[in-house]
Each structure stands twice: as structure tokens, then as C-alpha cells.
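Descriptive analysis of the structure
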Amino acid sequence: MSCVSVSVGVGQDGVTNRALTLLRTMLFSGRNKKLVSNSKTVLYAQPLQFYGQPPLENISLSEFESFAVDRLKLLKTVENLGVSYVKYSEQYSKKLEAELKTLNFPYRTEVDDPEKQRKDHISHFILRLAYCQTEDLRRWFIQQEVDLFRYRFNKLSCKKKLEFLHNNNLQYNTISVEEKNHLKEKLLISSYGINGVTLEEQDFYKVPFQDALDLVRTRKVYLKEGYAYIPHNEIVAIVLNDFRTRLSKALALTARSLPAVHSDERLQPLLNHLSHSYLGQDYSVQKNVGKISLEQIDSLAGKSFPLCMRQLHQALRDNHHLRHGGRMQYGLFLKGIGLSLEQALQFWRMEFIRGKVDADKFDKAYAYSVRHMFGKEGKRADYTPYSCMKVILSNPPSQGDYHGCPFRHSDPELLKQKLQFYKVSPSGVNQILDLVKGMHYQLACQKYFELTHNVEDSTFSLSHPNQYFIESQKHLGGGKDVKREMDTPQRSQENSAARGSSAAQEPAVNESQYLAEMTKNLETYF
């Protein structure tokens, strides 16, 4: 493909990237904001960065595209490794380092190639444009970038970590020797992996507890009067929280200015294609709609439902009611395994009227939400079943709720009782609880699959409750897959393009062919 200018009035040899220019405008425009003047030499001399300064150069459209595709491959690898191995374990690290080498991204803590740093920097900002468009896209992008950042931060030496904190103005208050000695016993009991020797050697940081929620939740730190006492070896949790907050705000800011990018007919198709690539199977439209009968659901729940859906099903049968969060999570899952709209209405009505809701109240207060799930009411959006990431990261359950991920949101003791009730062996329960303690929730669910299906080592990476169901049915059915027909966002784009004028059809076809060629090898990653 010949080099094409992305900004009007610039020739083929001098290509100005309108998208990167827009990013600079978005991040540094406004009252009293000036563009940071750090040179590339200074910026790329650092082995790790918060991506606070957008790229300050012009790049070709072909480079824009290749950088974006390579980073998307990298982030998908990060996701796949996170559900296949214990995060940051030796196997995880080796495979991620190999992928960083293959895709020509920085993988050493010493800066040995500014070009790799440049690619890492620019590609991050390109994907910000593609992944700022919806809440689900932002959530996915943030999670993968945070995991990648953590891997890289952990690779830094102690000296490099301190330099990074200093360069990014991350000043945390260390407690005095006197205070450390006064709290010695409590710090030893409360701090994970700390003994008497390491206690003397390590600095402790006193930070507001809300800045260290992951450490508080896993009981790895000492709490006193609203402050968490963080040992230096756990400071990564605070840095990650800062990185996540900054990136979340930056994506929200980018999203508000996105219409300017969508006005460029050369960038919009590429960005849309990139943002749709991560989704993979959305389990929304299937050939087997209506093939699962209502009478089968109880049996399927015991054999083939993941624990989150089994929990929701049991709560519905016991209480004859689920709150909105539970109805959405479970209802979309049932839609994904093949329940039709008519079956879904019948299923929910039959269960609710066994409780305190009569048929008339159900039709007035609840039937609308069921039809809404199927795209028959409101804005008529065809909602897709929730992925594991969405279940884990969004809308945590409160008192009286049953939705969410049991491995993420349940008290460990209650989870243990539930696993024992479902006849998971004592050794299996301990394996699952160890994974949960390490915050490897999808691996815990995959281990639950292996233990309940008598499989030594499952051959898939679990990322979706409906994937769990399909893999279970394949295993129980001797390898026969549950066939489904996916309806991808790209198809709707093609239909939309087909309705355009005949004059615009040929360029649209050419663009589609080019994008397909550009991203054809992404299929092995998704």
C-alpha cells in the first residue's frame, strides 16, 4: 500500500498523523495547560512510563496501523496468559518476555533500543483512541495495560523503582524508625512475607487505605486509623492504583473528543476494526436458539454451569426472585446458551409467581426488562452475555445480591462451604482457595471446571461463562461442540456500507479488503 497522508495538505513523504495530533490537543489543551517539552531522548531513556506525554512526532499511516496491530497482539497475549498461568509466575514471565521480543517491544529493564521505546509509546496512544469508545472497551484495555505495567515494574531493580517513583512525583511518606519499632509486632503479623530481618531492612509507607484496597482485601497490610502501612516490596500495588486512575481519566477525556477522529474516513474504519477485534465470541446469537428446553435447565445447572451461574440459578429457585444485577447476568447467560425470548419470559414468570409476585405484577414490572435484554424494548440494543472480566470488575454485589464472581466476591469461608457442598474434594478446595488468595479468579474457575469434570488439564483459556458452558457440553458430549452463529459488529458495518451510494461502494470495498489483510493474522490471538 502506498503511503497516504492522514492530514489534509501534507504530501506522501511527509505524513502528519491527525490522530496523534488530536491526542496532544486533548491531553494538553485548556486553561493553564502547556505541552510538556521533554525531548524524545529523555522520554525514551526511561524503561517504564505512565504514558503522560503524547507522541510529539509525525508518523506514516502504515506505521500507525502496524504499531496498533502489534500492541493489540501483545495485550491479547497478556490476557491469554493471565487466564492460563498464575500471573507473574516463571512460566507467565517467560512467555510474555518471548512475545515482547517477537513483537519488538521493550523487554529488558535497561533501555537498549530507543526505537522499541518509541513503538511502545506510540502504540499505547493509538489504542487509547480505539478503546475509549465504550465502557467494556475501556475496562478491557485498562486491565491489560495494568497487567503489562505490573510485569514491567516488577522487573525493575530496587534502584530503578525508586527512580521511577521520583521521576513521576510519587512521594509516599515513610514511617519513622521509632514508629516502625513501636508497631513492630503488628507489622510482622499483618504484613505478607515480612519477618524480623526483612522488617528491619524495609521501609514502610503510610497511605490512605483506599489507595491500597487490593492489599487490604487480601489482608496483606496493617491498618490503623484509616491508613495502611505498606512494606516497600508491596509498593507496586499503590503505583498500579495510580496508573489505573490516570489511564481511566485519560480514556474518558479521549472519548469526549473522539468525534474529531471519526470525521477522518481513513482512520475511523481502522479504529473500529481494532476495537472490535478483542471481543472474539460474544455468544449473543446462536443457531441453537430454542433447542434447550426449560425442563433441562435444572440438570444443566448442576452439570455445565460455571459457579457464578449455578449460584444465581440456586438463589432464584430458593427465593423465587433476583435483583436487577442478578437478572441481567443470569438472563443474558441463558440467552447465550440458547433460550429464546418466549422461553425466557416463561422461565422468569413461572419462577417469580411462585414467590411474592403475581402474574399481573410480573407483566407490568419485570417482563419489560426481559424483552429489553433481547433488544425488543428501549434502544433495542441486542445485549451480549457478560464476560468473566465484566463479571469480576463491574457492579460488585451487595447484601441480598447473588450476582458477581464467587471467586472474586465471596468470603473465602463461604466459598469453601459452597465448594464442599458441590462435592469438590478437600485437596481441590485448597487448590482453588490458593488461586483465589493470589487473585487468580479465572484460573480458580478453570480449576473448578477441571475438578467437576474429572479433567487433569483443560485445553482452553477460560474468559467467559458461556465458554465454560460450551466446553462442558463438548466434554460431556464426547467432543461435540455447541454450534452457534456469531453476529459480529463488522457485519453491521458491512450492511451499513452496502446501503451507501454506489459511488462510495468501491472505495469501501477496497478499504475493507485492506483492513482484512492488515489484521488477518490477529485471528490466532482472538
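Look up a bit, the structure's there.
Residues numbered from 1 in each chain as written. Predicted model: local features only at pLDDT ≥ 70, side-chain atom pairs only at ≥ 80, totals over all residues. Heavy atoms only, no water.

So, on to the sheet that holds strand β3 (residues 227-231). Read from one edge of the open sheet, three strands run β1-β3-β2, paired in antiparallel fashion. Either end of the sheet is taken by a strand with one partner, and the two such strands are β1 (204-208) and β2 (222-224). Pairwise comparison of adjacent strand axes, ignoring direction, gives a mean angle of 30° for this sheet. With five bridges joining them, β1 and β3 adopt antiparallel strand pairing. Paired with K206 across the bridge in β3 is Y229. (Pairing = 2+ DSSP bridges. Helix = DSSP H or I, 4+ residues; strand = E, 2+ residues; numbered from the N terminus. Axes fitted to C-alpha atoms, helices over the stretch in contact; angles between N-to-C directions.)

For helix α26 (residues 465-476), spanning 12 residues, the distance from its first C-alpha to its last is 17 Å, which sits close to the expected 16 Å at 1.5 Å a residue. Buried residues of α26: P465, N466, Q467, Y468, F469, I470, E471 and S472, and no others. Its buried side turned inward, α26 meets α15 (297-304), α16 (307-319), α17 (324-337), α21 (388-393) and α25 (441-452). (Expected span 1.5 Å × (residues − 1). Buried < 20%, exposed > 50% of the residue type's maximum accessible area, 1.4 Å probe, protein only. Contact = heavy atoms within 4.5 Å.)

Let us look at helix α24 (residues 426-437). Along its 12 residues, α24 runs 16 Å from first to last C-alpha, staying within 8% of the 16 Å computed at 1.5 Å per residue. In this fold, the buried residues of α24 make contact with α22 (406-409), α23 (412-421) and α25.

Further remarks concern the side chain of D147. Checked against the element boundaries, D147 lands in helix α6 (residues 135-155). Since its relative accessible area comes to 6%, D147 is described here as buried. Only 2.9 Å separates the side chain of D147 from the side chain of K87, close enough to count as a polar contact. Sequence-distant contacts of D147, defined by excluding residues within four places in its chain, comprise V78, K87, Y88 and Y92. (Polar contact = N/O pair within 3.5 Å; in protein donor to acceptor, adjacent residues only side chain to side chain.)

Take the packing of helix α5 (residues 114-131) against α6 next. Their axes nearest at 9 Å, the elements α5 and α6 cross at an angle of 160°. Relative to α6, α5 is oriented roughly antiparallel. Viewed along their axes, α5 and α6 form a crossing whose handedness is left-handed. Mapping the contact onto sequence places D120, H124, L127, R128, A130 and Y131 in α5 and L137, R138, W140, F141, E145 and R152 in α6. Residues that form the contact of α5 with α6 fall into these classes: six nonpolar, one polar and five charged. (Parallel < 35°, antiparallel > 145°, perpendicular 65-115°, else oblique. Left-handed = near helix turned anticlockwise from the far one by under 90°. Nonpolar A, V, L, I, M, F, W, Y, C, P; charged D, E, K, R; others polar.)

Our focus in this paragraph is the pairing of β3. Buried residues dominate β3, accounting for four of its five residues. Bridge count between β2 and β3: three bridges; the pairing is antiparallel. Within β3, the position partnered with L223 by the bridge is A228. Between the antiparallel neighbours β2 and β3 lie two residues, among them E225 with a positive phi of about 50°.

This part covers the pattern of salt bridges. Across all of its chains, the model carries 26 salt bridges by this definition. Residues D214 and R217 are paired through a salt bridge, measuring 2.9 Å at the closest nitrogen-oxygen approach. With D214 and R217 both in helix α11 (residues 213-217), this residue pair falls three residues apart, about one helical turn. Here the salt bridges do not stand alone but share partners, grouping E57, E63, E115 and R118 into one network. (Salt bridge = Lys/Arg side-chain N within 4 Å of Asp/Glu carboxyl O.)

The description of an aromatic ring pair rests on the distance of the ring centres and on the angle between the ring planes. Counted by the stated rule, this structure contains 30 aromatic pairs. Geometrically, the ring pair formed by F352 and Y366 is edge-to-face, given 4.9 Å between the ring centres and 65° between the ring planes. Separated by 14 residues along the polypeptide, F352 in helix α18 (residues 341-352) and Y366 in the loop between α19 (359-365) and α20 (367-373) bring together distant segments of the chain. The pair F352 / Y366 is uniform in exposure class, with both members buried. Pairwise contacts between aromatic rings join F305, Y330, F333, F347, W348, F352, F362, Y366 and F469 into one cluster. Here the guanidinium or amino end of K206 rests over the ring plane of Y227, the centre of that ring lying 5.0 Å away. In this arrangement the basic side chain of R310 is found over the ring face of Y422, its NZ or CZ atom lying 3.6 Å from the centre. (Phe/Tyr/Trp six-rings, centres within 6.5 Å; stacked < 30°, edge-to-face > 60°. Lys NZ or Arg CZ within 6 Å of the ring centre and 35° of its normal.)

This next bit is on a nonpolar patch on the surface. On the surface, a cluster of nonpolar side chains totalling about 270 Å² of accessible area is made up of F209, L213 and L223. Residue placement: L223 occurs in strand β2. (Patch = residues over 30% accessible without salt bridge, like charges linked within 9 Å, V, L, I, M, F, W, Y side chains within 5 Å. Areas by Shrake-Rupley, 256 points an atom, 1.4 Å probe, with all protein chains shown as cover.)

With that out of the way, let us pick up the environment of F141. Relative to the assigned elements, F141 resides in helix α6. By relative accessible area, F141 is classed as buried at 0%. Once the C-alpha coordinates of F141 and S248 are considered, the two residues, 107 residues apart in sequence, prove to be 9.6 Å apart. Not counting residues within four places of it along the chain, the set of residues in contact with F141 comprises L75, H124, L127, R128, Y131, L247 and L251.

To continue, consider the side chain of Q311. In this fold, Q311 is placed in helix α16. Separated by 2.3 Å, the side chains of Q311 and K418 make a polar contact. Once you skip the residues sitting within four places of it in the chain, Q311 turns out to touch Y402, H403, P406, S410 and K418.

The next subject is unusual backbone geometry. With a phi close to 45°, N395 is a non-glycine residue in the positive phi region. Here N395 shows up in the loop between α21 and α22. Unlike most non-glycine residues, M439 shows phi in positive territory, near 65°. Summarising the element assignment, M439 is placed in the loop between α24 and α25.

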